[in-house]
Structures are given as C-alpha cells and as structure tokens.
Amino acid sequence: MGTLRVLWRDADRLPYLHTVRDAALAYGTVVELIQAETREFGELLLDGRVDVVAENYWNQQMNRAVKGWPLVALAAAVNTVNEQFVVRPGITSLDELHGKRIAIRGMHPTDHSDPVWIAQLGLGDAEFVFVPEAESGRWAPWKRVVDGDCDAAIVTNLFIRPALEAGLKTLEVPTYGFLGNVVYTTTLEKRDGMRADMVNLVKAAFDAVKTFKTDKAAVLQTMLDIPADLMQPPNIELATQEDREFVYASLRDELADPPIPTPESIANFYTMVLKDFPEMQAHNPLLMWDLSIARAILEERR
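Residues numbered from 1 in each chain as written. Predicted model: local features only at pLDDT ≥ 70, side-chain atom pairs only at ≥ 80, totals over all residues. Heavy atoms only, no water.

Observations regarding the sheet that holds strand β6 (residues 101–105)
Quick reminder of the rule: Pairing between strands is defined by DSSP: at least two bridges between them are needed. Under the DSSP-based scheme used, a helix requires at least four consecutive residues in state H or I and a strand at least two consecutive residues in state E, with every element numbered from the N terminus. Axes here refer to lines fitted to C-alpha atoms; in helices the fit is confined to the stretch in contact. Angles between the N-to-C directions go from 0 to 180 degrees. By definition, residues are in contact when any of their heavy atoms lie within 4.5 Å.
Here we have 5 strands laid out as an open sheet, ordered β7-β6-β8-β5-β9, and mixed in their pairing. Edge strands, defined here as strands with exactly one partner in the open sheet, are β7 (127–131) and β9 (169–171). Between one strand axis and the next, the sheet turns through 35 degrees on average, direction left out of account. Those strands touched by helix α4 (residues 110–120) are β5 (83–87), β6, β7 and β8 (152–156), and its axis lies near 145 degrees from that of β6.

Comments concerning empty space enclosed by the protein
Note the following rule: A pocket here means an open set of points on a 1 Å grid, computed over the protein atoms alone, that has protein on both sides within 12 Å along at least five of seven lines. A cavity is instead a set of points where a 1.4 Å probe fits but cannot get out; residues with an atom within 4 Å of a point line either one. Grid points are joined across faces, edges and corners, and a volume is the space filled by probe spheres set on the points. The residue classification treats Ala, Val, Leu, Ile, Met, Phe, Trp, Tyr, Cys and Pro as nonpolar and Asp, Glu, Lys and Arg as charged. All others, Gly included, are polar.
This model, assessed by the stated rule, comprises 1 cavity of 30 Å³ or more. Quantified by volume, the largest cavity comes out at close to 260 Å³. Surrounding the largest cavity, 21 residues form its lining, R13, N82, W139, T156 and N181 being those nearest its centre. The class makeup of the residues in the lining of the largest cavity is 7 nonpolar, 6 polar and 8 charged.

Brief notes about the side chain of D12
Threshold: Throughout this description, a polar contact denotes any pair of N or O atoms lying within 3.5 Å of each other; where both atoms belong to protein, one of them has to be capable of donating a hydrogen while the other can accept it, and for residues adjacent in sequence the pair is counted only when both atoms sit in side chains.
For D12, the position within the fold is in the loop between β1 (3–8) and α1 (14–26). There is a polar contact of 3.2 Å between the side chain of D12 and the backbone nitrogen of I236. Once residues within four sequence positions are removed from consideration, D12 is found in contact with R138, L158, F159, N235 and I236.

What about the nonpolar core?
Applied cut-off: Definition used in this section: a nonpolar core is a set of buried Ala, Val, Leu, Ile, Met, Phe, Trp, Tyr and Cys residues joined via side-chain atoms within 4.5 Å. Remark: exposure states derive from per-residue accessible area (1.4 Å probe, protein chains only) relative to the maximum for the residue type, with buried under 20%, exposed over 50%, and partly exposed in between.
Ranked by internal contacts, the top residues of the largest apolar core, which has 103 residues, are Y16, F85, Y184 and W289. For this core, the element with the highest residue contribution is helix α9 (residues 195–214), accounting for 8 residues. Apart from residues lying up to four places away in sequence, F85 is in contact with L97, I102, W117, I118, L121, A153, I154, K169, T170, L171 and V173.

Quick notes on the packing of α1 against α9
Spelled out, the test is: With respect to orientation, any angle under 35 degrees is reported as roughly parallel, any angle over 145 as roughly antiparallel, any angle of 65 to 115 as roughly perpendicular, and every other angle as oblique. Helix crossings are classified by the rotation of the near helix relative to the far one: an anticlockwise turn of less than a right angle makes the crossing left-handed, while a clockwise turn makes it right-handed.
It is at 8 Å that the axes of α1 and α9 come closest, and there the two elements cross at 120 degrees. Judged on the interaxial angle alone, α9 and α1 are oblique. α9 is crossed by α1, and the crossing has right-handed handedness. Residues P15, Y16, T19, V20, A23 and A24 of α1 lie in contact with α9, whose contacting residues are N200, L201, A204, A205, D207, A208, T211 and F212.

Quick look at the pattern of salt bridges
Applied cut-off: In the sections that follow, a salt bridge refers to a side-chain nitrogen of Lys or Arg positioned within 4 Å of a carboxyl oxygen of Asp or Glu.
One pass over the structure, following the stated rule, counts 22 salt bridges. Between D10 and R138 there is a salt bridge, with the nearest N and O atoms lying 3.4 Å from each other. Pair noted here: D10 is in the loop between β1 and α1 and R138 is in the loop between α5 (133–136) and α6 (143–146), with a separation of 128 residues, a long-range link. According to the relative accessible area criterion, R138 is buried, its value standing at 17%. With a shortest N-O distance of 2.8 Å, R101 and E127 are connected by a salt bridge. Taken together, the residues span a long stretch of sequence, with R101 in strand β6 and E127 in strand β7 at a distance of 26 residues. Sharing partners across several salt bridges, the network here consists of R9, D10, D12, R13, E55 and R138.

Written as structure tokens, this is what we have:
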C-alpha cells in the first residue's frame, strides 16, 4: 500500500481524523494529515499537493458543477445536523420562535445551510441575524441572545458549552440532513490510480465510527497524542479530562453510522446554494458521489 496526503483545516476535526489515521495504518495505508494554508482546497487536489480533502463539502460540489473540476466524494463523517438551537429563558418550543430573531454564524456554509434548516422547521417568518465571527468569536452567535438582541441562536455541538454556561437553554428540534465536519473528496484520477489506499481510507472511516461508539478509552488516548499547540483557542481545547470527555461525547453522538450521506443531506446541501448560486440548477448533486467503496464495505460486513 502507500501514503495518502489528507488535507484538514479546522483542528476541531483532529480527534476524529487521528482515529481514522490510526485505523488506516492497520490496513497498510499511511495517512499524512496536512493542515490547509488556503481555503481553496479543491485547487490543492488538482495540482497534486494533496490526495484527499477531509473538509466541508458545499463548495466542492460547486467546484465540480460550475468549474467542471473532476471531483468525487467517497464518504461523509456526519449526515445529520451537528448544531443545536439555544434560546433565552422562557422559550420552550419552536412555535414561540415565529417572527423572532435567530442569530446565525455569519460564515459559509452555515449562513447557507441554517436558513434552509430553519425554513424546513416551519419558521420561514423568523428574522435571520448573521453574526460575523470577527465580532462574536468562534461559533458564538449566542452572545446576541445573552445581550437581548436575539431570541435564539444556532451553535455547533463542540462549541455549545459557553452558551449553556451563560444561562441559555437548548431546544429540542427535528433532525436535519447535513454534510458537515468531514466529507472525503478526491479527484477521479486519484480515486482510480490510488484505489487500494482509497478503499483503506473508507474502511478506516467505518472503523473510526465503531471506535467512537464502543471504545472511549482508545479515543481519549488518541486525543492525548494530538500536539497541544494545535488545540488552542479559537479551536476546541483538550487540556483537561473534562475537555476531552466533552469532545469525545459530542463527536461520538454526531458521527454517522455508516459514514455515508443520506438522500436528505445531499438534497439539503444542494438546495442551500441555489438562492445565491442559481447556476447550480443544472447540476445533479448525485453525480458528485461514488459510494461503490462504501457499498462493498457494507456488504462485506453484514
């Protein structure tokens, strides 16, 4: 087997990606985790600097559809939304958010996906307040609720603790198909030319989910091996046992089993870009996906 250079951007992915890396090694494939220096990940695939992008999916589908880049997605770490509604005290149901102000992280893809989610919940009459992270800090639109400017906010699981400590409450809402955290994207050429290692990577994604679901001790030990300088604010922190336990539980609960997209997740991430990118209308998002490796693994492990 060989080596796969896998690109990551946010250190929040590292507890999961280190678990995948260890699982791939057991199959004979070395996963070299490379931190992104630019936000245009697709270009790094095309010019050969990396073999796989383990990052957000929404812009890669546009690179394929609009720019014609020969990209393909093989697996997805998360297929339901890994975010939660936090609300001011006194709000106990979604019905109470009709016509209210909801704070949303002012960054792609959140500012595309969350409005679609909110509309699907029947709250199309809510007012969206997009909060720049330069103002709020990482994943902290909830500060607008504490300040009294908004009635609710949406916060990702890994960054929800400060909102709860500030006195906000979570609100139970129906799930939503979502492609966040990590989608494994490569080029058609690399998929074919490095097929054996791509198979091992997808197998490792399956194994990593199992490890998170069944072997807490192994994941916590993996976290200790991540360089401490990478896990500093504004990223998640792993400095204390409490930190590591929280991150472990959050990732365990949000990881998809099996690590493949649902029809809803693909449809939602297609729908969310149509308003601002009408040229996507002519694109069939199913053409972005090759689930043949995942399907073979599922059949093998029945």
